[in-house]
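Notes for the structure review
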Amino acid sequence: MTATPHPLVTAARRLAADVLAPRAERVDQDGVPVSSIEAVKASGLLGVSAPVAYGGSAAPAAVVRETAEILAGACCSTWFVQTQHHTPVATLAKADLGLPVRERLLGPLARGELLSGVAYAQLRAHPRVPVRVTPERGGWRFDGTVPWYSGWGLNDVMLLAGVTDADEALFAFTEAGEQRGMRPSPPMRLAALSASRTVSLELDGLWLPDDAVALRLPYASWAAGDRPKNTNASPAVFGVTAAAIGLLEGDRAAKETAEVLRARMDEVRRQAYALADHPVPTERIDERLVCKTRAYDVMRAATTAAVVAGGGRAMDLRSPAQRLAREGMFLLVQGQTAEVRNSHLGSLGSP
C-alpha cells in the first residue's frame, strides 16, 4: 500500500465512500447505474495508467493496485465494469504514434470522456476460433460469438478481437452498441455480478475499417504476453477480502478471527505484489500461481467468516456479507485460464 496517499487513491476512497459502498447492495440487485459510471468518469481513475500527454496520470503500479482494491471492496460490480477500460487504454498507449485509432481515442479514454469495454477473452480458446476475422473491402469482417461482454449499455466503445486466417490476433475498436453485424443477447442472469450487464455478442459480418485496428500480431506472440498476466493475484481479491474482514472487525465476537485473517491477507498481498513487480513477467510462474491460490484461500476464509458471523441475517439480500461471498466466488473464475484452473484445482485437492 502507498505510504502517502496519491491523489488518485484519495479520489478512489472518496468515490467508494460517497457513491459505491452506499449503493452496493442495491446495485447488486438492480444493475450498475449510469450515474455510478459518470462518477467513475469524473474521478480521474479511468486514466490511472494512461500517458500524461493524453490526459492520464501514468501512476505507479502500486497506486493502480490500491485504487483497484478500494473500488472492488466497495462495489465489485462497478469495479468490474470499469476495469475493462484499462486494457484498451494500455493497448493504445503501446501502439505506434500516429496510428489513427490511437490519436482518435486515447485522449478521450485517458480523460474519462469515454468508457471502453473489451471483447477478447475468446482468444484464449485457441486453437478454437470463436471469432474469425477476414479482410473485406479495405477493412475487416468479424464473424462468430463473443461469449462474455460486460458493461453493455454503459460502455461507449469496445475493443473487439478475433483471429485471422493467417493465425494473427487482431484487435479493433467499434461502438459499444447494437449495429449491423453485431447482436447482443439478453443480459445474463448470473450468481454474482449480474449487475455488470453482461451479454454475449453474435457477430455476423460486422465490418470495421482498417483505421479501427489497434493491434495486429501473430497469435503466438500475443499469447506469450497474455499468459503471465493471469498468473498474478488480482487486487480485486484483496479488496473483497479486506471488505469482508472489515465486517468482522465490527463484530465483537469476530475480532480475533479478523486479526488472524488480516495478518494472512497482508502477508499474501506483499508476496503477490512483489511477484507482480518482478522485472521479467514470464519468470517465477509457479510461484505466482501458488501465491494466487493462497490469495483465493484467504478471500474464501474471510467471506465465509463474514457469513458465519452474520448468521441468518447474512442470507438477506440486503446483507453485505452474502454479496461479498458471491463476489468472491466470481473472482475465483474471473480471467481464469486452463493453467490457473489446473493450479487451483490441484491446490484444493491436495492433502
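Residues numbered from 1 in each chain as written. Predicted model: local features only at pLDDT ≥ 70, side-chain atom pairs only at ≥ 80, totals over all residues. Heavy atoms only, no water.

A regular strand carries its side chains on alternate faces of the sheet. Pairing between strand β3 (residues 139-149) and strand β7 (residues 199-209): nine bridges, direction antiparallel. Across the sheet, V146 pairs through a bridge with L201, a residue of β7. Of the pairings in the sheet, the one linking strand β6 (residues 182-184) to β7 comprises three bridges and is antiparallel in character. Each bridged residue has a counterpart across the sheet, and for M182 the counterpart in β7 is L203. (Pairing = 2+ DSSP bridges. Helix = DSSP H or I, 4+ residues; strand = E, 2+ residues; numbered from the N terminus.)

Let's shift gears to the packing of helix α1 (residues 7-30) against helix α3 (residues 61-74). At a minimum axis distance of 8 Å, the contact between α1 and α3 shows a crossing angle of 10°. Taken together, α1 and α3 sit at an angle that is classed as roughly parallel. Helix-helix and strand crossings are classified by hand; for α1 and α3 the assignment is right-handed. Facing α1, whose interface residues are L8, V9, A12, R13, L15, A16, L20, A21 and A24, α3 presents V63, E66, T67, I70, L71 and A74. Residue composition of the contact of α1 with α3, grouped by class: 12 nonpolar, one polar and two charged. (Axes fitted to C-alpha atoms, helices over the stretch in contact; angles between N-to-C directions. Parallel < 35°, antiparallel > 145°, perpendicular 65-115°, else oblique. Left-handed = near helix turned anticlockwise from the far one by under 90°. Contact = heavy atoms within 4.5 Å. Nonpolar A, V, L, I, M, F, W, Y, C, P; charged D, E, K, R; others polar.)

To continue, consider the layout of surface pockets. Remark: the empty space left among the atoms is shown by a probe the size of a water molecule rolled over them. Considering only enclosed or pocket space, the second largest pocket measures out at about 340 Å³ in volume. Around the second largest pocket sit 19 residues that line it, and I70, G73, G239, A242 and A243 are the ones nearest its centre. Looking at the lining of the second largest pocket, the elements with two or more residues in it are α1, α3, α8 (235-249), α9 (255-276) and α11 (320-333). Of all the elements, α3 adds the most residues to the lining of the second largest pocket, at five residues. (1 Å grid on protein atoms, 1.4 Å probe; cavity = no way out; pocket = protein on both sides within 12 Å on 5 of 7 lines; lining within 4 Å. Points joined across faces, edges and corners; volume = space filled by probe spheres on them.)

Tracing the backbone shows Q84 in the loop between α4 (76-83) and α5 (86-94). For Q84, a relative accessible area of 12% gives the class buried. At 2.8 Å, the side chain of Q84 and the backbone oxygen of F80 are in polar contact. (Buried < 20%, exposed > 50% of the residue type's maximum accessible area, 1.4 Å probe, protein only. Polar contact = N/O pair within 3.5 Å; in protein donor to acceptor, adjacent residues only side chain to side chain.)

Helical geometry: 3.6 residues make up each α-helical turn, so side chains three or four residues apart lie on a common side. Taking 1.5 Å as the rise per residue, α11 with 14 residues should run 20 Å; its terminal C-alpha atoms sit 21 Å apart, in good agreement. Listed in full, the buried residues belonging to α11 are A321, Q322, R323, L324, E327, G328, F330 and L331. For α11, the elements touching its buried residues are α1, α3, α4, α8 and α10 (285-310). At the N-terminal boundary of α11, the capping side chain belongs to S319, with an oxygen 3.2 Å from the backbone nitrogen of A321. The first or second residue beyond α11 is G335, which carries a positive phi of 70°. (Expected span 1.5 Å × (residues − 1).)

On to the environment of G328. Inspection of the secondary structure assignment puts G328 in helix α11. The buried category is assigned to G328, whose relative accessible area is 4%. Taking the C-alpha atoms as reference points, G328 and A302, separated by 26 residues in sequence, lie 9.5 Å from one another. Beyond its immediate stretch of four places on either side in the chain, G328 contacts V240 and M299.

Turning our attention to the environment of S57. Inspection of the secondary structure puts S57 in the loop between α2 (34-43) and α3. Spatially, the C-alpha atom of S57 lies 8.7 Å from that of L8, the residues being 49 residues apart in sequence. If near-sequence neighbours (up to four positions away) are discounted, S57 is found in contact with L8, G47, V48, A50 and V52.

Once that is clear, we can look at the pattern of salt bridges. All chains considered together, the criterion is met by 24 salt bridges. We note a salt bridge from D277 to R65, for which the minimum N-O separation is 3.0 Å. One end of the pair, D277, is in the loop between α9 and α10; the other, R65, is in helix α3, with 212 residues separating them in the sequence. According to the relative accessible area criterion, D277 is partly exposed, its value standing at 46%. (Salt bridge = Lys/Arg side-chain N within 4 Å of Asp/Glu carboxyl O.)

Moving on, we come to the packing of α9 against α10. Axis separation between α9 and α10 bottoms out at 9 Å; the angle between their running directions is 155°. Classified by the angle their axes make, α9 and α10 are roughly antiparallel. The way α9 lies across α10 gives a crossing that is left-handed. Along the contact surface, α9 presents T257, L261, R264, M265, E267, V268, Q271, A272, L275 and A276, while α10 presents E287, R288, C291, R294, A295, V298, A301, A302 and A305. Grouping the amino acids of the contact of α9 with α10 by side-chain chemistry returns 12 nonpolar, two polar and five charged.

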